[in-house]
Amino acid sequence: MSDTTQTGPSGPYPPTEAMLAEPVPQDEQDRTAAELRAAWEPPKGWRYFTAVNNSEVGLWYALTAFGFMLLAGILALLMRVQLAVPGNDLISADRFNQFFTMHGSAMMFLFAVPMFEAIAILILPAFLGGRDMPFPRLSAFGFWCFVIGGVFVMGSLLFDAAPTAGWFMYPPLATQDEGPGSDIWLLGLSFIEIASIAAAVELIVGVLKCRPPGMRVNIMPLYAWYVLVVGGMILFAFPPLIAGDFLFELERSFDWPFFDPTRGGDPMLWQHLFWIFGHPEVYIVFLPSIAIAAMVIPTVARRPIVGYSWIVLSAVGTGFLSFGLWVHHMFTTGLPNISLGFFSAASEAVVIPTGIQLFAFAATLIVGRVKMSLPMLWIAGALAIFIAGGLTGVMLAIAPFNWQVHDTYFIVAHLHYTLFGGMVFPVIAGVYYFFPFIRKKMLSERLGRWAFWLIFTGFNVTFLPMHLTGLLGMPRRVFTYPEAAGWGLLNMISTLGAFVIAAGFAVFVWDLLRPKGDQKQVPRNPWDAGTLEWSHNVPAEFWGARSIPHITSRYPLWDDPKLVERMDAGRYYLPDSPHGHRETLVTSVIDASPELAQRVTGPTWITLWAAGFTGGAFIFPTFHMYVSAIVSGAFAVVCILYWLWTSTARPPEHGMRDAGLGLSLPTYASGPKAVGWWAVWITMLGDATAFASVVFGFFFYWTAKSDFPPEGAVHAAPVLVGLAVAALALSWALTLGARHWNGAGRLGAARGALVGAPLLAAGGCAALILSVQQLEPSSHVYPAIIWALMIWVVAHALVGIIMQLYCLAGSLTGKLTPRHDADLWNITLFWHFLCLTVLVAGAVIGLAPGVL
Ligand code: HEM
Ligand SMILES: [Cu+2]
């Protein structure tokens, strides 16, 4: 272990043509290739499931999400069978409710969002010429959480206990529902949402910090831009829903009346929180598919995309705009007319950026020399369907029309047009396009066309008539209808169409799964594409990029004919692994100049254990087994601490690393140079959004309800609240002090601060809990929301205390030194946010009585 004084990169950069032209001796190529192969070898046998690298985890993720999609599709078929003829009694009303709820929820939460993350994890590092994601174990953890949560939620169908209140779980239907169905939805899906956020954090850091040298933001592949935008949207859209779930579950478990109007609550709060998530969700589903189109289109048109900067601006614009539109899902709830008008107009406005992206694609295709390959066929189908869905969307954004067709089959038709066109077709296009990248084999041209025409025709036969069914007045979410209504024929047609879709999927799945052993491996770049992922070796190697190239254009494989050869020779960065470590390159955010040779983690069981126990913490409360939940949660914390302690931010044996081309890079960084610090920052933005949503709840009641707080309400004890805020703020200051003193080498002072800080924080928590003791949360929404804020702060403070103790232990054992202080930087960042949370919560809880 050496505390080198040097901390920054040194040596020539960027590389000159002369440096790149110099050949690498063959024996050196062989030696370094062998080193890399050894470092990246995936585990064998049953240990295969300890793998954490993106190529394995991404694939499992995608297959699992696709599996959930097929299950949800089977539910759809069953519903269609039930609806085929009037007065059918094949499926009971209650079952039918379970089916549409689970169909919608699974399609949205177990397929659409996870599929984006799966594909991104699988291919993003390749687009960026990297070796892996920055935090492979985090991806693996997210994946296992997803599997456990998904199986749990879907499994409830087998016990006839699935949720029944529709995919948006409106109270009071969902709050008054007996049995565990709604709890399964709330807890199971919150668990999955947290995994989705973890993946989003990873993807954002991946795009910002793990690009190849020279890939400035304005030349990175459009796919990476979309990942950044969608990752950001997940970060701000999911937390309000999680906050909503949190309040909702408190109501269901402990009868705290957040959504119960008889005790001051308001079901509208759920609708707001749900749709603040729900509308961006539509774009979260749709933009990643556009991203796939943005990669396929230049390849089939054989020319660079037209209007790169316009596309980026529109994608970012769509991301922002989509947060302002949620109210258009609530046009029939009796909102003031002025806000109807505003949201109606804003909903139409989002057409503009979407249109710009589609026009840029069309322009690229028109000026290019298009080959109608299979991926392009699916993209074309996607555009046709999506545009039709967009047109009905424009109609729906007009409030008076919306009132007419609200909750009819017109909506069902519209939403499937947008989802199939905006998601299913592009994803299948992506499967055809990237299959040779993943498996080094081709899918069948003939079967692919069969699948396309079956699904495309079947889709229109199913959903086109539904517009009419809806206009004729058939409501959605009904399990049957009388003969006299005259909807029988249209429904029969829809049902037949659904089976044609199913046949198409059967062909597609067969094509994916059929043995391809005797088929030849594809050539290196079968589509003759321009982006870096196609530089991967055939036959496959697990190292990702053989050496990480220096990039100067948007389509490096087209513009630099020697690039692949030089990558293969190990001419570029990190061509070897002298100490057998897995590493990837970390670069600066804007210019992507090399900063760090980042060590990434390898195979382990711990992520699986951690996911299992985290699952327990969410699943046990469904059955009101709170003690088991707490025990399981404690085990999860232990697993996560073990994982962090043994594999992150450890002082390296070698402070600097010869990265190739004469460049020497540090192997350790703390603060803003470290990827971990970025991950904490981004996670805390999401966390702060969830907290803000709870606070929004407080002010929502305050402005919307005249009995908030109710007459003669008991308030929190202001002195105790003040004490709690002071103690927690002091704990924050000591944490900051610890970082400062540790950096200055004053270990005694730093450790002293790390002893005092958790004690103060614990005292602060105690004071805060005591301050609300006189309030009875089930009596009215006012005490309930104050308790909710208290729980939020205390739970976060407990995490903060664990972090302080973690750093104390690190300092005592030599994991944390004055120079290797990444952990301290990260926890201070957490405490900055915590301190802000405490101040806001303290102000709301403590000052409310004086102000209200
Ligand atoms: C095989 C193709 C599909 C068929 C035949 C189908 C059919 C249906 C049917 C019959 C309903 C229930 C209508 C009602 O009773 O109100 C429904 C609802 C829904 N579907 Fe699909 N669907 C398909 C694919 C998809 C896909 C791919 C997605 C999303 C990616 C999706 C998302 C939804 C959603 C969100 C709902 C609303 C659920 C609710 O009302 O709570 N569907 N679908
Ligand atoms: Cu919307």
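Here, every reference points to the structure presented above.
Reading the values: rules and limits
Residues numbered from 1 in each chain as written. Chains lettered and ligands numbered in written order. Predicted model: local features only at pLDDT ≥ 70, side-chain atom pairs only at ≥ 80, totals over all residues. Heavy atoms only, no water. Helix = DSSP H or I, 4+ residues; strand = E, 2+ residues; numbered from the N terminus. Rg over C-alpha atoms; globule rule 2.2 N^0.38 Å. Buried < 20%, exposed > 50% of the residue type's maximum accessible area, 1.4 Å probe, protein only. Contact = heavy atoms within 4.5 Å. Lys, Arg positive; Asp, Glu negative; His and termini not counted. Charge placed at Lys NZ, Arg CZ, Asp CG, Glu CD. Donors = N, O, S within 2.8 Å, 3.2 Å for Na, K, Ca; no water. Tetrahedral: all angles 85-135°; square planar, octahedral: opposite > 155°, others 65-115°. Near = heavy atom within 4 Å. Polar contact = N/O pair within 3.5 Å; in protein donor to acceptor, adjacent residues only side chain to side chain. Pairing = 2+ DSSP bridges. Salt bridge = Lys/Arg side-chain N within 4 Å of Asp/Glu carboxyl O. Phe/Tyr/Trp six-rings, centres within 6.5 Å; stacked < 30°, edge-to-face > 60°.

Draft legend 1. Structural context of the overall build of the protein. A tally of helices and strands in the protein yields 26 helices and four strands. Taking 29 Å as the expected radius of gyration for a compact globule of 852 residues, we find that the protein reaches 28 Å, a close match to that expectation. Counting only C-alpha atoms and orienting by the principal axes, one finds that the protein spans roughly 85 × 75 × 50 Å. Every one of the 852 residues in the protein was classed for burial, and the buried ones make up 61%. Excluding contacts between residues fewer than 6 apart, the proportion of contacts in the protein whose partners are at least 24 apart in sequence is 81%. Of the charged side chains in the protein, 44 are positive and 51 negative, and the gap between their average positions amounts to 9 Å.

Draft legend 2. The arrangement of the coordination of the iron atom of ligand 1 in detail. Bound to the iron atom of ligand 1 on the protein side are H103 (NE2) and H416 (NE2), at distances that span 1.9 to 2.0 Å. Geometry at the iron atom of ligand 1 is octahedral, judged from its six donor atoms and the angles of 88 to 180 degrees they form at the metal. In this pair, H103 is assigned in helix 4 (residues 93-127) and H416 in helix 15 (residues 409-439), connecting sequence segments 313 residues apart. Relative accessible area serves as the criterion here: at 13%, H103 is assigned to the buried category. Here H416 falls in the buried class, since its relative accessible area comes to 15%.

Draft legend 3. Quick look at the site of ligand 1. Taken together, 20 residues surround ligand 1, and among them H103, W167, H416, R476 and R477 come closest. Between ligand 1 and the protein, one listed contact pairs an oxygen atom with a side-chain N or O atom of Y409 at 3.2 Å. Between an oxygen atom of ligand 1 and a main-chain N or O atom of R477, the distance comes to 2.5 Å. If you list the elements that add at least two residues to the shell around ligand 1, you get helix 3 (54-83), helix 4 and helix 15.

Draft legend 4. Spotlight on the pairing of strand 2 (residues 594-599). With five of six residues buried, strand 2 lies mostly within the body of the structure. Note that strand 1 (residues 583-587) and strand 2 share five bridges and pair antiparallel. Bridge assignment links L585 to a residue of strand 2, and that residue is A597. Between strand 1 and strand 2, which pair antiparallel and follow one another directly, the connecting turn spans six residues, one of which, A592, has a positive phi of 55 degrees.

Draft legend 5. Region of the structure containing the pattern of salt bridges. Summed over all chains, the structure comprises 17 salt bridges. Taking the shortest distance from any N to any O, the salt bridge between R302 and D528 comes out at 3.3 Å. Residue R302 is located in the loop between helix 9 (267-301) and helix 10 (308-321), and its partner D528 is located in the loop between helix 17 (488-513) and helix 18 (556-559); the two are separated by 226 residues in the primary sequence. Overall, D528 belongs to the partly exposed group, its relative accessible area being 38%. Taking the shortest distance from any N to any O, the salt bridge between D511 and R514 comes out at 2.9 Å. Taking relative accessible area as the criterion, D511 reaches 0% and is therefore assigned buried. When its relative accessible area of 18% is taken as the criterion, R514 is described as buried. Among the ionic contacts, a cluster of salt bridges with common partners joins D255, D260 and R263.

Draft legend 6. Fine view of the side chain of S444. For S444, the location among the structural elements is in the loop between helix 15 and helix 16 (445-471). A polar contact is formed between the side chain of S444 and the backbone nitrogen of R446, at a distance of 3.2 Å. Separated by 2.9 Å, the side chain of S444 and the backbone nitrogen of L447 make a polar contact. If we ignore the near neighbours within four places in the chain, the residues touching S444 are L374, Y432, D511 and R514.

Draft legend 7. Spotlight on the packing of aromatic side chains. Evaluation of the coordinates by the stated rule reveals 76 aromatic pairs. The interplanar angle of 55 degrees and the centroid separation of 6.2 Å between the aromatic rings of F109 and W167 together place this pair among those described as tilted. Residue F109 is found in helix 4, and its partner W167 is found in the loop between helix 5 (136-155) and helix 6 (173-176); the two are separated by 58 residues along the sequence. The pair F109 / W167 is uniform in exposure class, with both members buried. Between W167 and F168, the aromatic rings sit 6.1 Å apart at their centres with planes inclined by 55 degrees, giving tilted as the arrangement.

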